[in-house]
Amino acid sequence: MLTAEHLAQSITLDRKGVHLLLWQDKEDLYRAMIVLLAALGETPIQPILVASADSAVSTLRDLFQTKASDFEQVEHSDEAPRPNRGKLIILFLQQAISETFGPWLNGWRSELAKAPGTLLVVRNADFIDFQRCAPDLASFIGPKIFDASAMLSIWSRETEKRLRSSPPKQYLEILRELPGRFPDPKEVRNWIRGHSAL
């Protein structure tokens, strides 16, 4: 079985492409996210909650244009182009957003796959709608599908050094908007203490 560290390793080793994190219970997603963020370490990340198509389209378009502009500036300088410029995008898709946002995402699959890549976070119950509304992007993901509810609760000592019982404020605000209950902070601390590092 896979762990959140496996997902982090896949993202950092590939340095491009689209990964998918499925979730059913928000407590499982919460735990997966705190381990994933610890495992990603200093990786620059841009988390985005996709609650409405209009705001998400605007945010992503600006992000893509910035990435393209950064690459052009490096490309036309004496410095060699670096394939891993910019931020890893983590897109949290709100319930039922695939219907309006999926076709747009479908058309941007190449941009989403550019270095350093994108992680889509989709609830299990919405995954079929996501596949139907963004079929090209769904096939583009290939085998890079992970499930927060099936992840083993193990991590390395390196990840453990950075592991916190709560994600940064920006992630907390996004997770609050998703359906389900947060785990009790004491439960999370006990969960971390109860699982020793490899």
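The following refers to the structure shown. (Residues numbered from 1 in each chain as written. Predicted model: local features only at pLDDT ≥ 70, side-chain atom pairs only at ≥ 80, totals over all residues. Heavy atoms only, no water.)

### Thoughts on the sheet that holds strand 5 (residues 145–147)
Logical step 1: If you trace the five strands from one edge of the open sheet to the other, you get 2-3-4-1-5, paired in parallel fashion. The open sheet has two free edges, formed respectively by strand 2 (45–50) and strand 5, since each of these has just one partner strand. Taken pair by pair, the neighbouring strands of this sheet meet at an average axis angle of 20 degrees, ignoring direction.
Logical step 2: Here strand 2 runs beside strand 3 (residues 88–93); their pairing, made up of six bridges, is parallel. (Pairing = 2+ DSSP bridges. Helix = DSSP H or I, 4+ residues; strand = E, 2+ residues; numbered from the N terminus. Axes fitted to C-alpha atoms, helices over the stretch in contact; angles between N-to-C directions.)

### Considerations on the packing of aromatic side chains
Logical step 1: Summed over all chains, the structure comprises five aromatic pairs.
Logical step 2: An angle of 20 degrees between the planes, with centres 6.2 Å apart, marks the rings of Phe127 and Phe130 as stacked. Linking Phe127 with Phe130, this pair stays in helix 6 (residues 127–133), spanning three residues, or about one helical turn.
Logical step 3: With a relative accessible area of 15%, Phe127 lands in the buried category.
Logical step 4: On the basis of relative accessibility, which here comes to 0%, the residue Phe130 falls in the buried class.
Logical step 5: An aromatic cluster of three or more residues is present, and its members are Phe101, Trp104 and Trp108.
Logical step 6: The ring of Phe182 carries the charged tip of Lys26 above its face, separated from the ring centre by 4.6 Å.
Logical step 7: Seen from the ring of Trp191, Arg31 lies directly overhead, with NZ or CZ sitting 5.6 Å from the centre. (Phe/Tyr/Trp six-rings, centres within 6.5 Å; stacked < 30°, edge-to-face > 60°. Buried < 20%, exposed > 50% of the residue type's maximum accessible area, 1.4 Å probe, protein only. Lys NZ or Arg CZ within 6 Å of the ring centre and 35° of its normal.)

### Let's talk about the pattern of salt bridges
Logical step 1: Going through the model one piece at a time under the given rule, you end up with nine salt bridges.
Logical step 2: Between Glu111 and Lys114 there is a salt bridge whose closest N-O contact spans 3.1 Å.
Logical step 3: A relative accessible area of 42% places Lys114 in the partly exposed class. (Salt bridge = Lys/Arg side-chain N within 4 Å of Asp/Glu carboxyl O.)

### Comments concerning the nonpolar core
Logical step 1: Judged by nonpolar contacts, the single largest core of 36 residues is most densely connected at Leu21, Met33, Ile90 and Phe92.
Logical step 2: Counting residues per element, this core draws most heavily on helix 2 (residues 26–40), which supplies eleven residues.
Logical step 3: The residues contacting Leu21, other than those within four sequence positions of it, are Leu7, Leu29, Met33, Leu119, Leu120, Val121, Val122, Phe146, Asp147, Ala148 and Met151.
Logical step 4: Counting 28 residues, the second-largest nonpolar core is a separate cluster that includes Ala56, Phe101, Leu105 and Ile141. (Core = buried A, V, L, I, M, F, W, Y, C linked by side-chain atoms within 4.5 Å. Contact = heavy atoms within 4.5 Å.)

### Brief notes about the packing of helix 2 against helix 9 (residues 169–177)
Logical step 1: Between helix 2 and helix 9, whose axes approach to 11 Å, the crossing angle comes to 160 degrees. For the element pair helix 2 / helix 9, the angle class is roughly antiparallel. At the point where helix 2 passes helix 9, the crossing takes the right-handed sense. Residue-level contacts link Lys26, Leu29, Tyr30, Met33 and Leu37 of helix 2 to Tyr171, Leu172, Leu175 and Arg176 of helix 9.
Logical step 2: The residue makeup of the contact of helix 2 with helix 9, split by class, is seven nonpolar, no polar and two charged. (Parallel < 35°, antiparallel > 145°, perpendicular 65-115°, else oblique. Left-handed = near helix turned anticlockwise from the far one by under 90°. Nonpolar A, V, L, I, M, F, W, Y, C, P; charged D, E, K, R; others polar.)

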